[in-house]
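Chain by chain, the residues run as shown.
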Amino acid sequence: MNSVNASVVYFDDFLVYFALALLILVVFSWLYMRITPYRELDLIRNGNTAAAITLSGAMLGFTLPLASVVANSVNLVDMLLFALLAGVVQMIVFVVGRKMLPGLPGSIEDGNIAKATLIAAMSVCVGLLNAAALTY
């Protein structure tokens, strides 16, 4: 019974970190959708798979380092600062991808799966590296 009581003591910490991580993910997603020149949610609602792929890749690429930050942070401020860094890195991935693939926004709006998949893969790959770098 003592081990159960010892575990329950940290339940409020779990709730705080989990809720904050979810909020950070929502804010990142909102910001990401603001830096892209197309309306992801509208495109996705209309069946545009390319938009879904790029947004999903960015969210996964951000969530990987965010999970690492949650697991390794020493306090909530630490978590917020390194989550911010992870978000900036993901925004840079999109900017770099846009430079590599001229006409990317129009391609996504037109449903170009090849370009969307490459951008998503870049986001996830950089997210994995970012997550590994954030294990401190």
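Presented here is a report on the structure given in the accompanying data block. Predicted model, so just to flag it, every value in this text is computed and none were measured.

### Remarks on the side chain of S107
With respect to the element layout, S107 can be found in helix 6 (residues 104-109). If we ignore the near neighbours within four places in the chain, the residues touching S107 are N112 and K115.

### A closer look at the pattern of salt bridges
On inspection of all chains with the given rule, the structure shows two salt bridges. Notably, a salt bridge pairs D42 with R39, separated by 3.9 Å at the nearest N-O pair. Judged by relative accessible area, which is 36%, D42 ranks as partly exposed. Under the relative-accessibility criterion, R39 is labelled exposed at 58%. With a shortest N-O distance of 3.3 Å, D42 and R45 are connected by a salt bridge. Of the two residues, D42 and R45 both sit in helix 3 (residues 40-45), three residues apart, roughly one turn of that helix. Overall, the relative accessible area of 63% leaves R45 in the exposed class. Here the residues in one salt-bridge network are R39, D42 and R45, joined through shared partners.

Rules and cut-offs
Residues numbered from 1 in each chain as written. Predicted model: local features only at pLDDT ≥ 70, side-chain atom pairs only at ≥ 80, totals over all residues. Heavy atoms only, no water. Helix = DSSP H or I, 4+ residues; strand = E, 2+ residues; numbered from the N terminus. Contact = heavy atoms within 4.5 Å. Salt bridge = Lys/Arg side-chain N within 4 Å of Asp/Glu carboxyl O. Buried < 20%, exposed > 50% of the residue type's maximum accessible area, 1.4 Å probe, protein only.

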